[in-house]
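Descriptive structure summary
Residue-level listing of the chains:
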Amino acid sequence: MLTLRKASDRGLANHGWLKSFHTFSFASYRNPREQGFSDLLVINDDRVAAGKGFGQHPHRDMEIFSYVLEGALEHKDTLGTGSVIRPGDVQLMSAGSGVAHSEFNHSATRPVHFLQIWIVPEVAGAKPRYQQEHFSAQKKRGRLQLIISPDGADGSLKVRQDARVFAGLFDGKESATLQLPPNRYAYVHVARGSVELNGVQLQEGDGVRVREEQALTLSNGVDAEVLVFDLRPQELPQMP
């Protein structure tokens with residue numbers, strides 16, 4: 001079963017320097033029907049103006065990864081980590097017992113467009129850690145490349161949860177099929193472009209909750225970049 005969440009139905013926060021679309025409830029956007037899906041809690045589609053960004057702020061007990069689509073994102077944290085994240089890079093910060101970080105547009109002239117995604121960890125109070133890896137366009141072209149997993153398989157980043165994240169690029173006749181293990185959920189997010197999922201047409205910013213499906217096929221893409229989450233079969237508690 002596929003449940004479509006249209007891009008136009010997302011929450012929007014426009015602060016001038018920041019334009020952020022929220023797939024799920026976040027900050028001032030509250031929707032009792034959109035409280036995450038399984039262990040996937042947040043997908044924020046952020047566009048940050050040149051030279052602007054998020055000052056240092058704390059997190060704990062959350063797996064947070066950033067996926068840059070255009071431009072460059074500068075990261076600093078209280079673990080002593082500093083890096084610049086560009087398209088193809090995936091950065092995963094496991095906040096654990098507590099960490100603070102800042103994120104700024106690295107460019108003084110160009111905007112940065114990125115996704116920030118939160119996954120609920122299976123353990124609380126763990127030691128904070130930081131990981132970053134580059135996955136080339138060639139690795140994602142016409143296929144689903146594993147970028148995050150519990151065990152670091154296939155060069156992926158290690159997340160503290162029974163969750164896997166795949167990234168793929170699709171254009172024209174390119175297609176890929178992901179076989180889902182029995183009794184698993186999945187979530188599909190179209191980061192840009194358009195693509196078909198099991199024959200259903202999706203546009204940039206669209207998301208799909210997946211239940212009771214054995215396979216997911218992505219095809220007929222038009223400059224599409226897609227993230228697919230393989231998740232535990234559970235529902236997050238809903239707001240009253």
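A brief look at the structure comes next. (Residues numbered from 1 in each chain as written. Predicted model: local features only at pLDDT ≥ 70, side-chain atom pairs only at ≥ 80, totals over all residues. Heavy atoms only, no water.)

1. Section: the overall build of the protein
For the record, the criterion: By the criteria applied, helices consist of DSSP H or I runs no shorter than four residues and strands consist of E runs no shorter than two, each listed in order from the N terminus. When we talk radius of gyration, it's over C-alpha atoms, and the globule rule is simply 2.2 Å times the number of residues to the 0.38. Relative accessibility under 20% of the residue-type maximum defines a buried residue, over 50% an exposed one, and the middle range a partly exposed one, all with a 1.4 Å probe and only protein chains included. In what follows, a contact means two residues having at least one pair of non-hydrogen atoms within 4.5 Å. Note that accessible areas follow from Shrake-Rupley with a 1.4 Å probe, and for residues the cover is restricted to the protein chains shown.
Scanning the protein from N- to C-terminus turns up 1 helix and 20 strands. Here the C-alpha atoms of the protein give a radius of gyration of 17 Å, agreeing with the 18 Å that 2.2 N^0.38 yields for 240 residues. With respect to the principal axes defined by its C-alpha atoms, the protein has extents near 45 × 40 × 40 Å. Considering the protein as a whole, with its 240 residues, one finds that 54% of them fall into the buried category. In the protein, once contacts between residues fewer than 6 apart in sequence are set aside, the share between residues at least 24 apart is 71%. Total accessible area on the protein stands at roughly 10400 Å², and carbon and sulfur atoms take up 49% of it.

2. Structural notes on the sheet that holds strand 9 (residues 89-94)
Here is the rule we go by: Two strands qualify as a pair provided that DSSP identifies no fewer than 2 bridges between them. In this analysis, axes come from line fits to C-alpha atoms, helices being fitted only over the stretch in contact, and the angle between any two N-to-C directions falls in the range 0 to 180 degrees.
Reading across from one edge, 2-3-4-11-6-9-12 is the order of the 7 strands in this open sheet, with antiparallel pairing throughout. Strands at the two margins of the open sheet, each flanked by one partner only, are strand 2 (11-14) and strand 12 (129-134). Averaged over all neighbouring strand pairs, the angle between strand axes comes to 15°, with direction disregarded.

3. Remarks on the side chain of Ser 83
The condition that has to hold: Any pair of nitrogen or oxygen atoms within 3.5 Å is treated as a polar contact; in protein, a donor-acceptor pairing is required on top of that, and neighbouring residues in sequence qualify only through side-chain atoms on both sides.
Locating Ser 83 in the fold gives a position in strand 8 (residues 82-85). Overall, Ser 83 belongs to the buried group, its relative accessible area being 17%. Side chain to side chain, Ser 83 and Tyr 130 meet in a polar contact 2.6 Å long. Beyond its immediate chain neighbours, meaning those up to four positions away, Ser 83 contacts Leu 73, Glu 74, His 75, Gln 91, Tyr 130 and Gln 132.

4. Digging into the environment of Leu 169
Mapped onto the secondary structure, Leu 169 falls in strand 15 (residues 164-170). Under the relative-accessibility criterion, Leu 169 is labelled buried at 9%. In the structure, Leu 169 is positioned 53 residues away from Val 222 in sequence and 9.4 Å away in space, judged by C-alpha atoms. With residues up to four places along the chain from it excluded, the contact list for Leu 169 reads Ala 137, Lys 140, Arg 141, Gly 142, Arg 143, Glu 174, Ala 224 and Glu 225.

5. Regarding the pattern of salt bridges
Under the convention used in this document: Any carboxyl oxygen of Asp or Glu that lies within 4 Å of a side-chain nitrogen of Lys or Arg is treated as forming a salt bridge with it.
With the rule as written, the count across this model stands at 15 salt bridges. Lys 140 is the partner of Glu 225 in a salt bridge, and the nearest nitrogen-oxygen pair spans 3.8 Å. Note that Glu 225 is positioned in strand 20 (residues 215-231) and Lys 140 in helix 1 (residues 137-140), a separation of 85 residues in sequence. For the pair Glu 225 and Lys 140, one class covers both residues: buried.

6. A closer look at the sheet that holds strand 10 (residues 99-105)
Overall, antiparallel pairing links the 4 strands, which are arranged 5-10-7-8 in an open sheet. In this open sheet, the two edge strands, each paired with only one partner strand, are strand 5 (53-59) and strand 8. Neighbour-to-neighbour, the strand axes of this sheet turn through a mean angle of 20°, independent of strand direction.

7. Quick notes on unusual backbone geometry
Unlike most non-glycine residues, Asp 61 shows phi in positive territory, near 45°. Within the secondary structure layout, Asp 61 lies in the loop between strand 5 and strand 6 (63-70).

8. Thoughts on the environment of Ser 8
Counting through the fold element by element, Ser 8 comes out in the loop between strand 1 (2-5) and strand 2. Each C-alpha atom, one on Ser 8 and one on Ser 25, is 15 Å from the other, the two residues being 17 residues apart in sequence.

9. Considerations on the nonpolar core
Formally: Note on terminology: a nonpolar core comprises buried Ala, Val, Leu, Ile, Met, Phe, Trp, Tyr and Cys residues joined through side-chain atoms within 4.5 Å.
If you look at the biggest cluster of nonpolar residues, it comprises 26 residues, and the most contacted ones within it are Leu 40, Phe 65, Tyr 67, Ile 147 and Phe 229. Elements represented by at least two residues in this core include exactly strand 4 (40-48), strand 6, strand 9, strand 11 (112-119), strand 13 (145-149), strand 15, strand 17 (185-197) and strand 20. Here Ile 147 is in contact with Tyr 67, Val 90, Phe 135, Ser 156, Leu 157, Val 165, Phe 166, Ala 167 and Leu 227, once residues within four sequence places are set aside. In terms of nonpolar packing, the next biggest core, distinct from the first, is built from 20 residues, Leu 144, Phe 166, Phe 170 and Val 226 among them.

None of this, on its own, says anything about what the molecule does.
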